[in-house]
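# A structural walkthrough
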Amino acid sequence: MKAITWQGRHRVDVSSVDTPDIVNDSDIVVEVTATAICGSDLHLYDGFIPTMQKGDILGHEFMGRVVAKGRGITELEVGDRVVVPFNIACGKCYFCEQTLTSLCDNSNPNAAVAEKLYGHSGSGLFGYSHMLGGYPGGQAEYVRVPYADVGPLKIPDELDDERVLFLSDILPTGYMAAENCQIRRGDIVAVWGCGPVGQFAIKCALLLGAKQVIAIDRIPFRLELAGKDERVTALHPDKTDVQEALLELTGGRGPDSCIDAVGMEAHGTTFGALYDQAKTAAFLATDRPHVLRQAIQACRKGGTVSIPGVYGGLIDKLPLGAAFAKGLTFRMGQTHVHRYMPLLLDMIREGKIDPRFIITHRASLDEAPELYETFRTKTDDCLKVVMTP
Amino acid sequence: MDTIYHTRTEPGQRDHACHRKNVGSLERGVSIAIGTIALLEGIRRRGIAGLLSGIGGGALLYRGISGHCSVYEKLGIDRSKSEGVEASELPGHGTKVVQTITINRAPEEVYRYWSDIRNLPTFMKHLSRVEVREDGASHWVAEGPAGRTLEWDARVIFEKPNELIVWETLPGGDWESKGSVRFDPAPGGRGTELKVSLFYRPPYGKLGAIAAKLLHRAPDQQLKEDLRRLRQLLEAGELATANGS
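Now for a look at the structure at hand.

### Topic: the interface of chain B and chain A
Each partner contributes residues to the interface: chain B has 18 residues there, and chain A has 26 residues. Interface area for chain B against chain A, summed over the two sides, is near 1800 Å², with a carbon-plus-sulfur share of 44%. Summed over the shared surface of chain B and chain A, the number is three salt bridges. Lys224(B) is the partner of Glu115(A) in a salt bridge, and the nearest nitrogen-oxygen pair spans 3.2 Å. Viewed at the interface, chain A and chain B are joined by 13 residue pairs in polar contact (both at pLDDT 80 or more). Tallied by class, the residues present in the side of chain B that touches chain A amount to four nonpolar, six polar and eight charged.

Encoded structure:
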């Protein structure tokens, strides 16, 4: 079958690989009908995530049709349309029982590696390094999906692929980022990063009762898209002093919650940002926490910093003193996709949210190498790439 | 290679924590003996040296009689509990490995699975097979270093259903070890805290142990991976694999 494989920094190939089969009783095999490139795939593309190997199949946002099922499957039939969560969860461990499915104890066969780095391992993920399981990803014609009675969500025929594909990752991620803010009516929420997750976090913050959202990004197209809603104020960090503007827009209080939807590869031109870039280039640090610093500095006293953006290793010069002095709450982590999928499917069906507004590029798998580059350089107003095999 | 544990104070015991027993019985006996000698010596000698000897002896005597040591308490050490319950050390040069894991299943269920030792090769990667003989002893076959096959016989020397199994290998095999596995209920209904203690003599002696470490086949790492696989089996019902076919 055809699959997009990682070949090293800034190189992906369209490869011919073995078609997967049922291995365990709880497996299904999905014939992919739609798959997307995620912002976090760029961390792999940029070589920021350790334990990637040449030939690994990329992709963790995908959906399709069930073409084979293991003997243990009771909830699905061959022919069902399903969206598959990007994190793999057994459904039986302590963490799955608490709906903390991205922390599943059993789905990462390489847990020992993650344990050495983080103390404990999270769940396995599709197409996201060997440290996180080494599972072949969804940018392919077929994918083997383990524990399929637990993860994949059945989709009614009347909803087309593009409307539901983002249930696999970024829509729940944006939702959890907003939910983590513990928004109360009238709150003002600041969101750094207006990529796909940032866009959904903005929408969900408003749905959850925020009075106003302040969106911050350096790319005009993305800011414009966010600013289409009159409840969103857009800030460009090169044109405005972000800290000053945030104080001004909140009567000097600071935003009630701050969402870092950028993560470890923040770009910027301030002294701090250049310092981070130099340090990561010299391998003295792994992540660039430029946005996180701003968010901590800006957040109102007693407020919440919510971090859907991915961090992978060590960061430097984190203003923990400011966070302590202001009594901030931090909420973060990989999204517990399973927990949010049914709720968000209902919201899509009821028309409360239509996730299609972020799609800017539609292509076939063959065009993936080119589109990875377009998405990375953020040219051609690229926000979200959806591919069909 | 050893693992350090937090000791939990049971509810209701908390108020008496300062008088809790945390000294093992052998150590208590030694404390009483030395304490008595030092105390008597202090009384005999008098003066500053005698006073110090007397105070020290008294403290040791108290430690021995009460079984409580405030120094151990400050250091978080408790040597009163596990004594005699886990496998004792092998004479001479042996290596100790301890691993613990929490499994989201009742102790009865985990015990039931483990006590049928023919199940062990399912999750213990280096074990090829285990056969139970008619006399109750068992025959074990494992993959050793450098592709060699190791074989030995073993027997259970103590067993308390749903709580504890202790075993030892019989003389004449390729592998010499003693081990115990405890099945304790985890707090808050979180299933079972499984604790495996293993004393073994590394094949080919110290050099063998170093070689195993270099090859990442050190028993503590192996045991940890084995227990992780056991958890996968008992909780999720299958072994996790990323292989596509």
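More follows now that the structure is in view.
### Considering the packing of aromatic side chains
Tallied over the entire structure, the rule returns 14 aromatic pairs over all chains. Ring centres 6.5 Å apart and planes at 80 degrees place the aromatic pair Trp114(B) and Phe183(B) in the edge-to-face group. Separated by 69 residues along the polypeptide, Trp114(B) in helix 4 (residues 107-115) and Phe183(B) in strand 6 (residues 176-185) bring together distant segments of the chain. In this structure Trp114(B) comes out as buried when scored by relative accessible area, which is 3%. Arranged with centres 6.1 Å apart and planes meeting at 10 degrees, the rings of Trp140(B) and Trp152(B) form a pair that is stacked. Taken together, the residues span a long stretch of sequence, with Trp140(B) in strand 3 (residues 138-143) and Trp152(B) in strand 4 (residues 149-160) at a distance of 12 residues. Members of the aromatic cluster, connected to one another through ring pairs, are Tyr111(B), Tyr113(B), Trp114(B), Phe123(B) and Phe183(B). Between the NZ or CZ atom of Lys203(A) and the centre of the ring of Phe357(A), over which it lies, the distance is 4.8 Å.

### Quick word on the sheet that holds strand 4 of chain B
Residue and element names in this part refer to chain B. Taken in spatial order, the seven strands make up an open sheet running 1-7-6-5-4-3-2, and their pairing is antiparallel. Lying at the two open borders of the sheet, with one neighbouring strand each, are strand 1 (95-103) and strand 2 (127-132). Geometrically, the sheet is characterised by an average inter-axis angle of 20 degrees between neighbouring strands, direction not taken into account. Judged from the five bridges that link them, strand 2 and strand 3 form a sheet pairing that is antiparallel. Across the sheet, residue Val-130 finds its bridge partner in strand 3, namely Trp-140. The strands touched by helix 4 within the sheet are strand 1, strand 4, strand 5 (164-169), strand 6 and strand 7 (192-201), with strand 6 carrying the most contacts at an inclination of about 155 degrees. The strands touched by helix 7 (residues 219-236) are strand 1 and strand 7; relative to strand 1, the strand with the most contacts, the crossing angle is about 20 degrees.

How each quantity is defined
Residues numbered from 1 in each chain as written. Chains lettered and ligands numbered in written order. Predicted model: local features only at pLDDT ≥ 70, side-chain atom pairs only at ≥ 80, totals over all residues. Heavy atoms only, no water. Contact = heavy atoms within 4.5 Å. Buried area = accessible area lost by both parts, 1.4 Å probe. Salt bridge = Lys/Arg side-chain N within 4 Å of Asp/Glu carboxyl O. Polar contact = N/O pair within 3.5 Å; in protein donor to acceptor, adjacent residues only side chain to side chain. Nonpolar A, V, L, I, M, F, W, Y, C, P; charged D, E, K, R; others polar. Phe/Tyr/Trp six-rings, centres within 6.5 Å; stacked < 30°, edge-to-face > 60°. Helix = DSSP H or I, 4+ residues; strand = E, 2+ residues; numbered from the N terminus. Buried < 20%, exposed > 50% of the residue type's maximum accessible area, 1.4 Å probe, protein only. Lys NZ or Arg CZ within 6 Å of the ring centre and 35° of its normal. Pairing = 2+ DSSP bridges. Axes fitted to C-alpha atoms, helices over the stretch in contact; angles between N-to-C directions.

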